[in-house]
Amino acid sequence: MEYNLADLFESVVDTVPDREALVYLDHPGTGAERRLTYAELDAAANRIAHHLLDSGLTPGEHLGLHLYNGVEYLQTVLACLKARLVPVNVNYRYVEDELAYLYRDADLAALVFDGEFTERVAAALPHAPRLRHLIRVGPTPEGAAEPAVHPIPYPGAEVSGNPERGFPPRSPDDLFIIYTGGTTGLPKGVMWRAEDLFFAGLGGGAPTGTPVASPEELAERVAAGGDGLVFFPTPPLMHGTSTLTAFIAFNFGQKVVIHKKFAPEQVLNTIAKERVTSVSLVGDAMLRPLVDALNGRLAGSDTSGLFSVSSSGAIMSETVRAQFQALVPHALLLNNFGSSESGFNGTATEDSGPAAGFRLRVNARTQVVDPKTHQPVAPGEPGRIAQRGHVPLGYYNDPVKTAETFFRRGEERWVLLGDMATVDTEGIVTVLGRGSQCINTGGEKVYPEEVEQALKSHPDVYDALVAGVPDPTWGNHVSAVVQLRSGTQRPPDLLDIQTHCRTRLAGYKIPRQLVVVERIQRSPSGKADYRWARSVATGASARSAEPPAPPQHP
């Protein structure tokens, strides 16, 4: 047995076949509910895997998952791993041109897609010459143009496949590709070996403990442990974190609960109904609606089973964390840090916030290095976060970006992340922010995340993004794009926002421009869309007759 994700999953299935593995609750849609044991999920994945191989796909070819959350998503990922096909996530918000790029860049040979996206698939298909096999989940919208390649309904594909295993031997080198969100540029496909992803993204079978010492030990731990843990990844599975959360649960032999989409009141209902113990989400964009629901119609909801709420991809701000903690005092709130390129790096310290910064206790594989020499920086000196050991092979179809991001130091492989940071004498890392989003104003560096935390502590601010806007004097000025709380009696103006931020930020970090929008645009997972924020802020600046107040430099 190897460190192969399909082999590991099957070893868990054989240990606890009758234990509940996956629950799908379609809220607030049809109310449909599906429950599968480990044995049932294994057989269902076998069926799709055999169908794909019987349809002429060969090991190593790529299959895209253009799907909302559902049983079919995780079933298909498992099928790919069993058949040694390479699963590729597809952002379901993409329109024709974006899909055409991703389908082509990923060299997709097969695609499983939700019927709702039929017309987009049909439009993008001619630009993806290798894409020859389509499977559709759900009905096609009335009047929608069908793709040139006739799609097979998912139930038909499932019925046609053998429910038994009978697959050739697999390898720890089998690939798993995770496409980045593309919020700061074109999406890139991160190529993970199965073994590397198991240790870096799944914690080696024990994210908070000691990794397994052999593949066989995973099933031994499941056999020795009990059940009762319920994992609830609330963001879309198309984002790597949610899929990896599900696999962490599978490696423990525990239950995974999923919804089609994030709906805060239904999330709280499911937490109560399924006795959820662990919720994963993405920052304030998901935590704040849960706070609002607990303060509103769902006040008094049963959250007694909830042990932890973890966020990655965006920070749960100090203000919103405190509001949730007051409502659910027994739950542990964790701001985790990681990326598509590194897996898990560390967890925020208890004092993280606008005053101390975003401070992390990182794992032993993570360092802050000079981006040019790749050597560790001295305490207090800025550098970029890097991780060694179990890291991806590179970006698919992009040797230039691969050379910029992945390097070797001695015999070890390293990945250089885009996040700027410092490290102190005790090894605590303070994340400054994405280097690509850093705002240079009069020679001073401002990181949007720090300003956003200060903005979101204002009682009238519901959500906020910060962007740099070109300025003839200072190069750029700091602009705040803000979504206000509904029912705000007297909307704050720029002076109100500046006065509030001055107690938390140095003068040069204070926003010089305020743009109030009806809704902050984020990805479906809650990740910031900085390109959108910069466009909105720049457009507002161009329409303004008066230039913003100059930054205050020390």
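Residues numbered from 1 in each chain as written. Predicted model: local features only at pLDDT ≥ 70, side-chain atom pairs only at ≥ 80, totals over all residues. Heavy atoms only, no water.

### Here's the deal with the overall build of the protein
Reasoning step 1: Within the protein one finds 16 helices and 27 strands.
Reasoning step 2: In terms of overall size, the protein behaves like a compact globule, its C-alpha atoms giving a radius of gyration of 24 Å where 554 residues would be expected to give roughly 24 Å.
Reasoning step 3: Overall, the C-alpha framework of the protein stretches about 70 × 60 × 50 Å when taken along its three principal axes.
Reasoning step 4: Relative to its full complement of 554 residues, the protein shows a buried share of 57%.
Reasoning step 5: Carbon and sulfur atoms form 52% of the exposed surface of the protein, whose accessible area is close to 22,300 Å². (Helix = DSSP H or I, 4+ residues; strand = E, 2+ residues; numbered from the N terminus. Rg over C-alpha atoms; globule rule 2.2 N^0.38 Å. Buried < 20%, exposed > 50% of the residue type's maximum accessible area, 1.4 Å probe, protein only. Areas by Shrake-Rupley, 256 points an atom, 1.4 Å probe, with all protein chains shown as cover.)

### A word on the side chain of Ser-311
Reasoning step 1: Tracing the backbone shows Ser-311 in strand β13 (residues 308-311).
Reasoning step 2: A polar side-chain atom of Ser-311 sits 2.7 Å from the main-chain amide nitrogen of Gly-283.
Reasoning step 3: Once residues within four sequence positions are removed from consideration, Ser-311 is found in contact with Leu-281, Val-282, Gly-283, Met-316, Leu-334, Asn-335 and Asn-336. (Polar contact = N/O pair within 3.5 Å; in protein donor to acceptor, adjacent residues only side chain to side chain. Contact = heavy atoms within 4.5 Å.)

### Side note on the environment of Ala-157
Reasoning step 1: Position of Ala-157 among the secondary structure elements: in helix α6 (residues 154-160).
Reasoning step 2: Here Ala-157 falls in the buried class, since its relative accessible area comes to 0%.
Reasoning step 3: Linking Ala-157 and Arg-47, residues 110 residues apart in sequence, is a C-alpha distance of 7.8 Å.
Reasoning step 4: Dropping the residues within four chain positions of it, Ala-157 is found in contact with Arg-47, Ile-48, His-51, Ile-135 and Ile-152.

### Re the packing of aromatic side chains
Reasoning step 1: In this structure the tally under the stated criterion is 14 aromatic pairs.
Reasoning step 2: Relative to Tyr-38, the ring of Phe-9 has its centre 6.1 Å away and its plane inclined at 35°; by these criteria the two rings are tilted. Taken as a pair, Phe-9 in helix α1 (residues 5-15) and Tyr-38 in helix α2 (residues 38-54) lie far apart in primary sequence, 29 residues in all.
Reasoning step 3: Taking the relative accessible area as the measure of exposure, Phe-9 reaches 3% and is therefore buried.
Reasoning step 4: Counting every residue linked through ring pairs, the aromatic cluster contains Phe-9, Tyr-38, Phe-247 and Phe-250.
Reasoning step 5: Directly above the ring of Tyr-395 sits Lys-188, whose terminal nitrogen or CZ lies 5.4 Å from the centroid. (Phe/Tyr/Trp six-rings, centres within 6.5 Å; stacked < 30°, edge-to-face > 60°. Lys NZ or Arg CZ within 6 Å of the ring centre and 35° of its normal.)

### Looking at the pattern of salt bridges
Reasoning step 1: Going through the model one piece at a time under the given rule, you end up with 34 salt bridges.
Reasoning step 2: Close ionic contact of Arg-130 with Asp-107 constitutes a salt bridge, the shortest N to O distance being 3.8 Å. Of this pair, Arg-130 sits in the loop between α5 (118-124) and β6 (133-137) while Asp-107 sits in the loop between α4 (96-105) and β5 (108-114); the two residues are 23 residues apart in sequence, bridging distant segments of the chain.
Reasoning step 3: Look at Asp-107 and you get buried, because its relative accessible area is 18%.
Reasoning step 4: Close ionic contact of Arg-490 with Asp-496 constitutes a salt bridge, the shortest N to O distance being 3.2 Å.
Reasoning step 5: With a relative accessible area of 22%, Asp-496 lands in the partly exposed category.
Reasoning step 6: Residues joined in a network through salt bridges with shared partners are Asp-7, Glu-10, Asp-14, Asp-42, Lys-82, Arg-165 and Arg-170. (Salt bridge = Lys/Arg side-chain N within 4 Å of Asp/Glu carboxyl O.)

### Concerning the nonpolar core
Reasoning step 1: By size, the foremost hydrophobic cluster in this structure holds 107 residues, and its most contacted members are Tyr-103, Phe-198 and Phe-250.
Reasoning step 2: Among the elements that take part in this core, helix α3 (residues 71-83) stands out by supplying nine residues, more than any other.
Reasoning step 3: Judged by nonpolar contacts, the second largest core, of 28 residues, contains Val-257, Ile-271, Phe-324 and Leu-333. (Core = buried A, V, L, I, M, F, W, Y, C linked by side-chain atoms within 4.5 Å.)

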